[in-house]
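# Fold and geometry: a report
One-letter residues, chain by chain:
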Amino acid sequence: MSGLPIDEVLPELRGVLRDRTAAVLQAPPGAGKTTRVPLALLEERWLRGGKIVMLEPRRLAARAAAARMASLLGERVGDTVGHRMRMDTRVGPRTRIEVVTEGVLARMLQGDPALEGVGLVIFDEFHERSLHADLGLALCLQSQAVLRDDLRLLVMSATLDGESVAALLGDAPLVTSAGRMHPVETRHVDRKTDRIAPAVAVGVLDALQAEDGDVLVFLPGAGEIRQVESALAEAHLGRDVIVHPLYGNLPQDAQDRAIRPAAPGTRKVVLATSIAETSLTIEGVRVVVDSGWSRVPRFSPRTGMTRLETTRVSRASADQRRGRAGRLGPGVCYRLWPEHLHLLPHSAPEILEADLAPLALELAAWGVADPGELAWLDPPPAAAFAQARDLFRELGALADDGAITAHGREMAGLALHPRLAHMLLRARALGHGALACDLAALLGERDILRGDGGPPDADVRLRVDALRECGGGRGAGRYAGAAVDREACRRAAADARQWRERLGVRGDSPADAEACGLLLAFAYPDRIAQRRPGGGGRYLLRNGRGAALTGAQTLGGAPYLVAADVDGQGRESRIYLAAPLPEADLEEHFGGEVVRETAVEWDADARAVRAWRRDRLGAIVLAESPVRDPDPDAVAAAIGDGIAREGLSVLPWTDAALRLRERLAFLHAHDVSWPDVSDDALLATLPEWLGPRLSGVRRGDELARIDVADALLGRLDWQQRSALDQLAPTHLTVPSGSRIPIDYADAEAPVLAVRLQEMFGLAETPRIFRGTVPLMLHLLSPAHRPVQVTRDLGGFWRGSYFEVRKDLRGRYPKHHWPDDPLQAVPTARAKPRTP
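Figured I'd write up the structure that's included with this text.

Definitions and cut-offs
Residues numbered from 1 in each chain as written. Predicted model: local features only at pLDDT ≥ 70, side-chain atom pairs only at ≥ 80, totals over all residues. Heavy atoms only, no water. Helix = DSSP H or I, 4+ residues; strand = E, 2+ residues; numbered from the N terminus. Rg over C-alpha atoms; globule rule 2.2 N^0.38 Å. Buried < 20%, exposed > 50% of the residue type's maximum accessible area, 1.4 Å probe, protein only. Contact = heavy atoms within 4.5 Å. Areas by Shrake-Rupley, 256 points an atom, 1.4 Å probe, with all protein chains shown as cover. Axes fitted to C-alpha atoms, helices over the stretch in contact; angles between N-to-C directions. Parallel < 35°, antiparallel > 145°, perpendicular 65-115°, else oblique. Left-handed = near helix turned anticlockwise from the far one by under 90°. Nonpolar A, V, L, I, M, F, W, Y, C, P; charged D, E, K, R; others polar. Pairing = 2+ DSSP bridges. Polar contact = N/O pair within 3.5 Å; in protein donor to acceptor, adjacent residues only side chain to side chain. Salt bridge = Lys/Arg side-chain N within 4 Å of Asp/Glu carboxyl O. Phe/Tyr/Trp six-rings, centres within 6.5 Å; stacked < 30°, edge-to-face > 60°. Lys NZ or Arg CZ within 6 Å of the ring centre and 35° of its normal. 1 Å grid on protein atoms, 1.4 Å probe; cavity = no way out; pocket = protein on both sides within 12 Å on 5 of 7 lines; lining within 4 Å. Points joined across faces, edges and corners; volume = space filled by probe spheres on them. Expected span 1.5 Å × (residues − 1). Right-handed = clockwise from strand over helix to strand, strands pointing away.

## Comments concerning the overall build of the protein
- A tally of helices and strands in the protein yields 27 helices and 33 strands.
- Here the protein has a C-alpha radius of gyration of 40 Å; the compact-globule value for 835 residues is 28 Å, and the former is much larger.
- Dimensions of the protein, computed from C-alpha atoms along their principal axes, come out at roughly 135 × 60 × 60 Å.
- Every one of the 835 residues in the protein was classed for burial, and the buried ones make up 52%.
- Residue pairs at least 24 apart in sequence account for 67% of intrachain contacts in the protein once pairs closer than 6 positions are excluded.
- Counting every atom, the protein has about 37100 Å² of accessible surface; 49% of that belongs to carbon and sulfur.

Here you go:
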């Protein structure tokens, strides 16, 4: 074997693992860690002939790593080195290195928490921070702490902050390989377009013309790969340039062709997703064309849905991609974005953004209700984890006390998404196991139907028919005329056959596809949907979200359906896959979850109380009828709710009620023992002061008979009622004998508006509230216009009165304006009467 950079640190790594049970190995891409390290540790004494299990985050990388190690030993996969993944296991009695992926490590731990016979667990490419890697490490750390203090753990990473992982592993030693990377020239090319595929196709053509060697192209997904592949085919590259797609769902032989060296005299162009960033060595590559985009799943606890989002790559991912051009010699990397574009340093760990239902089920099976019991680099977000546990209660996987049920354990044993596992088990019990296997295979694969210039019909039954014909069976022929992705269809048919074998079910008929809606409802009970009034393919989901079919759809007239695939965006999610749900199936299988309630509500449009009896499944109203004689207390509560929503202005506020409220506000401002009559306070205490008066009120116009003033007085005790007029009188008798109203609109300074002549002879400002609050005097002219505003009447008489008097004598010469106002006779007339 030729020397690789990792070989230089293998002695150090062996020494560390002899003395410690955990270590972190940092090595850049191409150092050889994936294939060299397991083989180098295989004969260590502490392993005592036990196994090494290595977790790879990607299936393609797992198969390639196992094949490479087997070839280095001169053996076949399944001898000393084997691999395990869902639906694909190649191990034998002599296998000592098992490369596993997906949930296989968790399955091994659930079956044997002590991992008897396993001496070392390796977490490769841990910097990708897959959900399975985080979960597997957390479970292994607990197993090591409780059951197996001799179990060794090795975390290998290319770009991750190794010190944080070392701390998680109990300050484990950090071994670093410098690696060996050939120089890579970076060229930024800004195509100034939002369309990814055309820009990448041009970039590939430029690279082929300017550079030698094979080209590795990074694209966000299979859709863009097909578009670029088509564009390059139209460019007539010549027989010496072979284009290979490379993504996770490709058949293994197609993946192998992409990885193998190009035939002599030819060049290859590999169109890959982020699957080619790490682990894989693609022979012959010296040019990388990076679109700068990747596609990642985003889960929303708010909607309970996962959608794929095309995002800019992180700086770490971009550097990984660039490094692929320098593994075998000097290379070139074309980056199709401007050099000044800001990229995030790292991608977010999957655990922070993924659907946590699989993780939550694994933890429940492990016996952990609180993720805080385990050690994590990043703990699962509380909202997403709580939502996952709520789903399991709905599916019958968790008991009321939070413990996993027998059904939940059976679900966990299938190593499938919990929704689909529940569907398979329920369907098998009903005799629809074969159809459920078809649906599980279809939902785990990209859509096998292609639209003709637009989205394909959303009816999942069309896919079932196509799938069965791909698998050699027969369907109802409904998909006739639709374009079928034969490659995806064959893969799904193979998965369906394996699921049928595993569950021990067989046989299907064209007619049983009519049960698709029921089976999908088992998997997605929260996405049972009812058509909204008015048609247009608009639906209301059980979880309260809106969803809609787009374009001409065969399902547009279905009263009920189940939306299996929705994008979770906007006010109304787009439905990609669905099936009709017969009302009889809904009643038979979900009738026990229907809530019967009597709703008494305020109708803002009609300004009246409406009383209904409803049968409700979540947000969906299945049946509704009016109630003629609703409970009076419920009616009063509904009226109160209407007032609370529309505001106090809907009440009949007479002048007397308004004046009383202002007086009470004045008293509360000066003594908080008096009730607060602000809007907020009155709305908060509405049932207390207004509730008794709402009896018998059903409509908004009937509110007019409520005496609001009397209701406000009801908030006072007898002492306050007795003191009300004394502390905050409605009127004040002034020296002229007139009884003048007091305006309490300003609670801090009540106003007495009185003609100046009526106050002659009064030396001091009148006061209220036990003589502590002087009134704000608005002294008026004979025409009732303010000539002075003051709270110091005595000071006015002594000072500014004489200036005011001069002006008033000129404007009102027939009126009496005395030289000494304190000795003058007050009058409400032009001049005082002669004695």
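Back to the write-up after that little detour.
## A look at the environment of Asp 585
- Looking at the element boundaries, Asp 585 is found in helix 19 (residues 583-590).
- When the C-alpha positions of Asp 585 and Leu 549 are compared, they lie 22 Å apart, and in sequence the two are 36 residues distant.
- Residue contacts for Asp 585: discarding those within four places in its chain leaves Leu 518 and Phe 590.

## Remarks on the packing of helix 13 (residues 406-413) against helix 14 (residues 418-430)
- The interhelical angle for the contact between helix 13 and helix 14, taken along N-to-C directions, is 110°, at an axis separation of 9 Å. Considered as vectors, helix 13 and helix 14 are oriented roughly perpendicular to each other. At the point where helix 13 passes helix 14, the crossing takes the right-handed sense. Within the contact between the two elements, helix 13 uses His 407, Glu 410 and Met 411 and helix 14 uses Pro 418, Ala 421, His 422, Leu 425 and Arg 428.
- A class-by-class count of the residues in the contact of helix 13 with helix 14 yields 4 nonpolar, 2 polar and 2 charged.

## A look at the pairing of strand 26 (residues 620-626)
- Examined bridge by bridge, strand 25 (residues 608-617) and strand 26 share 6 bridges and lie antiparallel to one another. Following the sheet pairing, Arg 614 is matched in strand 26 by Glu 624.
- Here strand 25 hands over to strand 26 after 2 residues, with Gly 618 in that stretch at a positive phi of 60°.

## Re the side chain of Arg 148
- Take Arg 148: it is sitting in the loop between helix 5 (131-146) and strand 7 (152-157).
- Of the polar contacts made by the side chain of Arg 148, one reaches the side chain of Asp 150; its length is 2.7 Å.
- The contacts of Arg 148, once residues within four sequence positions are left out, are Ala 114, Leu 115, Glu 116, Val 118, Gly 119 and Ser 143.

## Observations regarding the sheet that holds strand 28 (residues 739-743)
- With mixed pairing, the 5 strands of this open sheet are ordered in space as 27-28-29-32-33. At either margin of the open sheet sits one strand with a lone partner, and together these are strand 27 (731-733) and strand 33 (786-790). This sheet shows a mean twist of 30° between the axes of neighbouring strands, independent of strand direction.
- Direction of pairing for strand 28 relative to strand 29 (residues 751-755): antiparallel, over a ladder of 2 bridges.

## Description of the pattern of salt bridges
- Scanning the entire structure with this criterion turns up 50 salt bridges.
- One salt bridge in this structure joins Arg 286 and Glu 211, with 3.8 Å as the shortest N-O distance. Of this pair, Arg 286 sits in strand 13 (residues 285-290) while Glu 211 is found in the loop between helix 7 (196-210) and strand 10 (214-218), placing the two residues 75 residues apart along the sequence.
- Of the charged contacts in the structure, one is a salt bridge between Arg 614 and Glu 601, with a shortest N-O distance of 3.0 Å. One end of the pair, Arg 614, is in strand 25; the other, Glu 601, is in strand 24 (residues 595-603), and 13 residues separate them in sequence.

## Focus: the packing of aromatic side chains
- As enumerated under the stated definition, the model contains 9 aromatic pairs in all.
- An angle of 45° between the planes, with centres 5.3 Å apart, marks the rings of Phe 796 and Trp 797 as tilted. Neither residue differs from the other here; Phe 796 and Trp 797 are each classed as buried.
- Each ring, one from Phe 796 and one from Tyr 801, has its centre 6.0 Å from the other, and the planes form 80°; the classification is edge-to-face.
- Three or more aromatic residues joined by ring pairs make a cluster, and in this case those are Phe 760, Phe 796, Trp 797, Tyr 801 and Phe 802.
- Its guanidinium or amino end placed over the ring of Phe 522, Arg 426 lies 4.2 Å from that ring's centre, counting from NZ or CZ.
- In this arrangement the basic side chain of Arg 770 is found over the ring face of Phe 769, its NZ or CZ atom lying 5.6 Å from the centre.

## Some remarks on unusual backbone geometry
- The backbone phi angle of Glu 125 is positive, close to 50°, even though this residue is not glycine.
- Counting through the fold element by element, Glu 125 comes out in the loop between strand 6 (118-123) and helix 5.
- When its relative accessible area of 3% is taken as the criterion, Glu 125 is described as buried.
- A positive phi angle, close to 55°, is found at Asp 171, a residue other than glycine.
- Considering the arrangement of structural elements, one finds Asp 171 in the loop between helix 6 (162-168) and strand 8 (174-176).

## A few points about the sheet that holds strand 3 (residues 81-85)
- The strand order across the open sheet formed by 8 strands is 4-3-5-2-6-7-1-8, and the pairing between neighbours is mixed. Of all the strands in the sheet, the pair left with one neighbour each is strand 4 (88-90) and strand 8. Here the strands of the sheet are splayed against their neighbours by 20° on average, with no regard to which way each runs.
- Across 3 bridges, the pairing between strand 3 and strand 4 is antiparallel. The residue bridging Arg 84 from the neighbouring strand is Thr 89, located in strand 4.
- Lying over the sheet, helix 1 (residues 10-19) contacts strand 1 (22-26), strand 7 and strand 8, oriented at roughly 160° with respect to strand 1.

## Structural notes on empty space enclosed by the protein
- Taken as a whole and judged by the stated rule, the model has 3 cavities of 30 Å³ or more.
- The space that makes up the largest cavity amounts to roughly 50 Å³.
- Lining the largest cavity are Leu 216, Leu 280, Thr 281, Ile 282, Val 285, Arg 324, Arg 327 and Leu 328.
- For the lining of the largest cavity, the class distribution of residues is 5 nonpolar, 1 polar and 2 charged.
- The calculated volume of the second largest cavity comes to roughly 40 Å³.
- Around the second largest cavity sit Phe 126, Asp 134, Leu 137, Ala 138, Leu 168, Ala 375, Trp 376 and Leu 377, which together line it.
- With 3 residues, the top contributor of residues to the lining of the second largest cavity is helix 5.

## Let's talk about the environment of Pro 380
- Locating Pro 380 in the fold gives a position in the loop between helix 11 (357-366) and helix 12 (382-395).
- In sequence terms Pro 380 and Leu 352 are 28 residues apart; their C-alpha atoms lie 6.3 Å from each other.
- Residues contacting Pro 380, with those up to four places away along its chain left out, are Ile 351, Leu 356, Leu 359, Pro 371 and Phe 385.

## Focus: helix 7
- With 15 residues, helix 7 should cover 21 Å at 1.5 Å per step; its first-to-last C-alpha distance of 21 Å lies within 8% of that length.
- Of the residues making up helix 7, those classed as buried are Ile 196, Ala 197, Ala 199, Val 200, Ala 201, Gly 203, Val 204, Ala 207 and Leu 208.

## Focus: the pairing of strand 7
- In terms of burial, strand 7 is largely enclosed, as 6 of its 6 residues are buried.
- Examined bridge by bridge, strand 1 and strand 7 share 5 bridges and lie parallel to one another. Pairing of Gln 26 across the sheet is with Ser 157, part of strand 7.
- Both strand 6 and strand 7 contribute to a ladder of 4 bridges, which runs parallel. Counterpart to Val 121 in the pairing with strand 7 is Leu 153.
- Handedness of the crossover is the feature at issue here: the chain leaves strand 6, passes through helix 5, returns alongside strand 7, and the resulting connection is right-handed.

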